[in-house]
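Structural overview
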Amino acid sequence: KAGVTQTPRYLIKTRGQQVTLSCSPISGHRSVSWYQQTPGQGLQFLFEYFSETQRNKGNFPGRFSGRQFSNSRSEMNVSTLELGDSALYLCASSLLAALSRNEQFFGPGTRLTVL
Amino acid sequence: SQKIEQNSEALNIQEGKTATLTCNYTNYSPAYLQWYRQDPGRGPVFLLLIRENEKEKRKERLKVTFDTTLKQSLFHITASQPADSATYLCASPIGQNFVFGPGTRLSVLP
């Protein structure tokens, strides 16, 4: 079974731009969660999508948004980029909802650099 | 405030010894805790899950305990090997959030 894939792997943007990241979950998994990882704040939960609906949300501003398609693939969008948005963005998939005692399978991440 | 913490930022041990990592939680009662391993530049990999009504779980050389009185989970790696060197993260749901601890960077020295 193929693992979680994320595209692109690396991205460089400038302040004020917007960016869209993509995640393809493991086949059959219905939940996709997004995380931001930085050296200072660690691994932080952004949101979770399950069957095309946002189920849970972390403490991030509205500039961070996402969606999930009928094939469970998910995209995350960040608008009006700030320098502090530079991070590794990780996507994780699970068979059932992420907060329901399910193990999560993480992708390799997208390294975003904001200049 | 509700939080999950890992006491040690880094831990060095000799090959063959048992590594013990600590995860503490404050002001909430997790239904379960998960442990993950993360290597540099890669996504975390799930290792073990322990529920609040379980005292101990084992998987090969790994063992995790859950003490609701101490509000603590311990993660043990027995007969540690240099290949076990990585960052280990504990995690649990807190409300609508899924929260990871800051991680403990384990170095197993040959």
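Now for a look at the structure at hand. Position numbers for residues count from 1 along each chain, tracking the sequence in the order it is written. Labels are handed out in written order, letters beginning with A for the chains and numbers beginning with 1 for the ligands. Since the coordinates come from a predicted model, pLDDT governs what is reported: local features require at least 70, and pairs of side-chain atoms require 80 or more to be given and counted, while whole-chain, interface and lining totals use all residues. In computing side-chain values, all of the structure's heavy atoms are included and hydrogens and water are not.

As a further point, take the overall build of chain B. When you go through chain B residue by residue, the secondary structure sums to zero helices and eleven strands. Under the scheme used here, helices are H or I runs from DSSP no shorter than 4 residues and strands are E runs no shorter than 2 residues, and both carry numbers assigned from the N terminus. Seen in sequence order, chain B has helices and strands lined up from the N terminus as β-β-β-β-β-β-β-β-β-β-β. In summary, chain B has a C-alpha radius of gyration of 13 Å against a globular reference of 13 Å for 110 residues, a match within 12%. If you line up chain B on its principal axes, its C-alpha atoms span 40 × 30 × 20 Å. Three exposure classes are used, based on accessible area relative to the maximum for each residue type with a 1.4 Å probe and protein chains only: buried under 20%, partly exposed in between, and exposed over 50%. When the 110 residues of chain B are sorted by exposure, 47% land in the buried category. Should any heavy atoms of two residues lie within 4.5 Å, those residues are considered in contact. In chain B, of all internal contacts separated by at least 6 residues, the share reaching a separation of at least 24 is 53%. Areas reported as accessible are Shrake-Rupley estimates using a 1.4 Å probe. Residue values count occlusion only from the protein chains shown. Just so you have it, chain B exposes about 5,500 Å², and 46% of that area is on carbon and sulfur atoms. We take the radius of gyration over the C-alpha atoms and set the globule estimate at 2.2 Å times the residue count to the 0.38 power.

On to the nonpolar core, then. Among buried residues, those of type Ala, Val, Leu, Ile, Met, Phe, Trp, Tyr and Cys that are joined through side-chain atoms within 4.5 Å constitute a nonpolar core. Core analysis: the biggest nonpolar cluster contains 23 residues, and Trp35, Phe75, Ile77, Tyr88 and Leu106 of chain B have the highest contact counts within it. If sequence neighbours within four positions are ignored, Ile77 of chain B has contacts with Lys17, Thr18, Ala19, Arg61, Leu62, Asp84, Tyr88 and Leu106 of chain B. Of all hydrophobic cores here, the second largest spans 21 residues; its members include Leu11, Leu21, Val32 and Phe64 of chain A.

Moving on to the sheet that holds strand 1 (residues 5–7) of chain A. All names here are of chain A. Taken together, four strands build an open sheet; the order of strands is 1-3-8-7 and the sheet is antiparallel. Edge positions in the open sheet fall to strand 1 and strand 7 (64–68), since each of these has one partner strand only. Across the sheet, the axes of successive neighbouring strands diverge by a mean angle of 20°, strand direction being ignored. Direction of pairing for strand 1 relative to strand 3 (residues 19–24): antiparallel, over a ladder of three bridges. Within strand 3, the position partnered with Thr5 by the bridge is Ser24. By the convention used here, strands pair only if DSSP detects at least 2 bridges between them. For helices, the fitted line uses only the C-alpha atoms of the stretch in contact; every axis is such a line through C-alpha atoms, and the angle between N-to-C directions lies from 0 to 180 degrees.

Turning our attention to the packing of aromatic side chains. In summary, the pairing rule links any two rings of Phe, Tyr or Trp, Trp by its six-membered ring, whose centres are within 6.5 Å, and it sorts them by plane angle into stacked for under 30 degrees, edge-to-face for over 60 and tilted for everything else. If you walk through the whole model with that rule in mind, you get 14 aromatic pairs over all chains. Centre to centre, the rings of Phe60 of chain A and Phe64 of chain A are 5.2 Å apart; their planes meet at 65°, and the pair counts as edge-to-face. By relative accessible area, Phe60 of chain A is classed as buried at 14%. Note on Tyr25 of chain B and Phe66 of chain B: the rings are 6.0 Å apart at their centroids and 90° apart in plane angle, and the pair reads as edge-to-face. Here Tyr25 of chain B, found in strand 3 (residues 19–26), pairs with Phe66 of chain B, found in strand 7 (residues 62–67); they are 41 residues apart in sequence, far enough to count as distant. Side by side, Tyr25 of chain B and Phe66 of chain B carry an identical accessibility label, which is buried.

Before going further, it helps to spend a moment on the interface of chain B and chain A. Facing 18 residues of chain B, the contacting portion of chain A comprises 20 residues. For any pair of parts, buried area is found by adding up, for both, the accessible area (1.4 Å probe) each one loses once the two are put together. Carbon and sulfur atoms supply 52% of the area that chain B and chain A bury against each other, a total of about 1,600 Å² over both sides. Contact with chain A buries surface across chain B, with Gln96, Phe98 and Phe100 of chain B losing the most and accounting together for 30% of the total. Basic side-chain nitrogens of Lys or Arg form a salt bridge, by our definition, when they fall within 4 Å of a carboxyl oxygen of Asp or Glu. Linking chain B with chain A are zero salt bridges.

Next up on the list: the pattern of salt bridges. Scanning the entire structure with this criterion turns up ten salt bridges over all chains. Note that Asp39 of chain B and Arg37 of chain B form a salt bridge whose closest N and O atoms lie 3.1 Å from each other. Here Lys57 of chain B ties to Glu54 of chain B by a salt bridge, and the two come within 3.7 Å at their closest N and O atoms. Taken together, the shared-partner salt bridges in this structure form one network comprising Arg63, Glu82 and Asp85 of chain A.

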